[in-house]
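The lines below spell out each chain.
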Amino acid sequence: GASPLPADGTTAAAVIYMLGEMHKQGAVLDAPKGGGKAIVDALVRGVEKYGGTVQMRKHVERIIVENGRAVGVELKDGQILKANRAVVSNAPLWNTADLLRKNDDPGSRAFVAMADDIEPTRSISHLHLGIRGEGLEELEPHQVIVNDWSKPIDDPQNLIVISIPSLLDPEAAPKGHHVVHAYLAGNEPYDMYENVASKEEYENLKHKRTEVLWEALERVIPDIKDRVIPGVNMTASPVTHARYLRRYKGAYGPDIPAGRKSFPGPNTQVEGFLRCGDSCFPGVGVPAVAASGINAANSIADIAQHLALLQELRDGNVYDDSLTKPAEQAAV
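Presented here is a report on the structure given in the accompanying data block. Just so it is clear, the model here is predicted, and its values are computed rather than measured. (Residues numbered from 1 in each chain as written. Predicted model: local features only at pLDDT ≥ 70, side-chain atom pairs only at ≥ 80, totals over all residues. Heavy atoms only, no water.)

**Examining the overall build of the protein**
And step 1. The number of helices and strands found in the protein is 10 helices and 12 strands.
And step 2. In terms of overall size, the protein behaves like a compact globule, its C-alpha atoms giving a radius of gyration of 22 Å where 332 residues would be expected to give roughly 20 Å.
And step 3. On the principal axes, the C-alpha backbone points of the protein span a range of 65 × 55 × 40 Å.
And step 4. Expressed as a percentage of the 332 residues in the protein, the buried residues total 38%.
And step 5. Counted over contacts in the protein with a minimum sequence separation of 6, partners at least 24 positions apart contribute 66%.
And step 6. Only carbon and sulfur atoms are counted for the fraction: they give 54% of the accessible area of the protein, which is about 19,500 Å².
And step 7. Positive and negative side-chain charges of the protein, numbering 35 and 44 respectively, have mean locations separated by a distance of 4 Å. (Helix = DSSP H or I, 4+ residues; strand = E, 2+ residues; numbered from the N terminus. Rg over C-alpha atoms; globule rule 2.2 N^0.38 Å. Buried < 20%, exposed > 50% of the residue type's maximum accessible area, 1.4 Å probe, protein only. Contact = heavy atoms within 4.5 Å. Areas by Shrake-Rupley, 256 points an atom, 1.4 Å probe, with all protein chains shown as cover. Lys, Arg positive; Asp, Glu negative; His and termini not counted. Charge placed at Lys NZ, Arg CZ, Asp CG, Glu CD.)

**A short note on the pattern of salt bridges**
And step 1. Under the definition given, this model contains 14 salt bridges.
And step 2. Across the pair Arg101 and Asp98 runs a salt bridge, and its minimum N-O distance is 3.0 Å.
And step 3. On the accessibility criterion, Arg101 (38% relative accessible area) is partly exposed.
And step 4. Asp223 serves as the salt-bridge partner of Arg227, at 2.9 Å between the closest nitrogen and oxygen.
And step 5. Residue Asp223 is classed as partly exposed on the basis of its relative accessible area, which comes to 32%.
And step 6. Because the salt bridges share partners, they merge into one network encompassing Asp98, Arg101 and Asp116. (Salt bridge = Lys/Arg side-chain N within 4 Å of Asp/Glu carboxyl O.)

**Some remarks on the layout of surface pockets**
One simple way to see leftover space: roll a probe sized like a water molecule over the atoms.
And step 1. Roughly 390 Å³ of volume is contained in the second largest pocket.
And step 2. Surrounding the second largest pocket, 25 residues form its lining, Thr11, Ala14, Pro282, Gly283 and Ala288 being those nearest its centre.
And step 3. Here the lining of the second largest pocket takes 4 residues from helix H1 (residues 12–22), the largest share from any one element.
And step 4. Counted by class, the lining of the second largest pocket contains 17 nonpolar, 7 polar and 1 charged residues. (1 Å grid on protein atoms, 1.4 Å probe; cavity = no way out; pocket = protein on both sides within 12 Å on 5 of 7 lines; lining within 4 Å. Points joined across faces, edges and corners; volume = space filled by probe spheres on them. Nonpolar A, V, L, I, M, F, W, Y, C, P; charged D, E, K, R; others polar.)

**As for the pairing of strand E6 (residues 126–132)**
And step 1. Burial of E6 is extensive: 5 of the 7 residues sit out of reach of the surface.
And step 2. Direction of pairing for E6 relative to strand E10 (residues 228–236): antiparallel, over a ladder of 5 bridges. Directly across from Leu127, in E10, lies its bridge partner Thr235. (Pairing = 2+ DSSP bridges.)

**Section: a nonpolar patch on the surface**
And step 1. On the surface, Ile303, Leu307, Leu309, Leu310 and Leu313 cluster together to form a nonpolar patch covering roughly 480 Å² of accessible area.
And step 2. Positionally, Leu310 belongs in helix H10 (residues 303–315). (Patch = residues over 30% accessible without salt bridge, like charges linked within 9 Å, V, L, I, M, F, W, Y side chains within 5 Å.)

**Some thoughts on the side chain of Ser108**
And step 1. Tracing the backbone shows Ser108 in helix H4 (residues 106–116).
And step 2. Its relative accessible area of 0% is what places Ser108 among the buried residues.

**Some details on the sheet that holds strand E3 (residues 69–75)**
The pairing of strands in a sheet happens through backbone hydrogen bonds and is either parallel or antiparallel.
And step 1. Taken together, the 3 strands give an open sheet; going across it, the order is E2-E3-E4, and neighbouring strands pair in antiparallel fashion. Here the strands that pair on one side only, and so sit at the sheet edges, are strand E2 (60–66) and strand E4 (80–82). When strand polarity is set aside, the average angle formed by the axes of neighbouring strands in this sheet is 30 degrees.
And step 2. Note that E3 and E4 share 3 bridges and pair antiparallel. Residue pairing for E4: Glu74 is matched across the bridge by Ile80. (Axes fitted to C-alpha atoms, helices over the stretch in contact; angles between N-to-C directions.)

**Here's the deal with the packing of aromatic side chains**
And step 1. Inspection of the entire model under this criterion finds 3 aromatic pairs.
And step 2. Here Phe111 and Phe273 contribute two aromatic rings whose centre-to-centre distance is 5.9 Å and whose plane-to-plane angle is 65 degrees, an arrangement assigned as edge-to-face. Of the two residues, Phe111 is situated in helix H4 and Phe273 in strand E11 (residues 273–275); the sequence distance between them amounts to 162 residues. For the pair Phe111 and Phe273, a shared accessibility class is recorded, and that class is buried.
And step 3. When the centroid spacing of 6.2 Å and the interplanar angle of 65 degrees are considered together, the rings of Tyr193 and Tyr202 count as edge-to-face. You'll find Tyr193 and Tyr202 in the same group, each marked buried. (Phe/Tyr/Trp six-rings, centres within 6.5 Å; stacked < 30°, edge-to-face > 60°.)

Here it is in structure tokens:
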């Protein structure tokens, strides 16, 4: 995805990029073999290949700022990790602000004030299913359902995306079966879940709000409910997004409409603290988030490293397929 906002709120660069890629001769829909895990595994291999380490279950409690400069992070268990050159956060804007909120330096206060002034987009509700796959061989692997074209596509429950990645990568599901993901694409309000009084009320609301996903699926696979494998039927709400992905209000990203506000870049009001991810330039969505990581890395790299990279570009030796080979692409 390129933007959580309607076309009039999306930067022209993002629109041009997406439409250009979509209409190229021979354009295909790609999916990583092995699913999202294959992408994560490739990223971990890249970090480790160049001397980094990835630590799991390490909850960051705050970013440590001394004399106006970020010097490390404090974990929830009290452990201190010191930074050699910089602290970089890819957490959403508001979650990052919470890591600075306890600090009293001017830079931290300015960052928190900036974050508090930006509204989040709406969230996402999901259905994850395992189904019997016979007779679905000719089905398109990715589909979009708009319930009412007379309404804005970002109206609650108006736009539904359906993805069946096992049509591209048969190893994503057992033989004769498919995995199905249907979701409300950044148009589900979080606030209706905030004052739910009990678990029973929450479950009822969650299932009621996902009925529209079942209706969309039935337009594509009329007997979808009869195909579902018992026990392979999971529903997720904006609360799920907020809890498991640590996203403020389960938001898809920041509501920063083009022409009215600008995405901040990798640098922040705190020296030695940089950001990447969906809350900074060039925006929300996989291509933009990847580019933001490049921006942050280039901001940290010294001039000698920049010159070395330019030399690699001249020599044509910049693609390292050892990082991506296990995460091959399946194309249709």
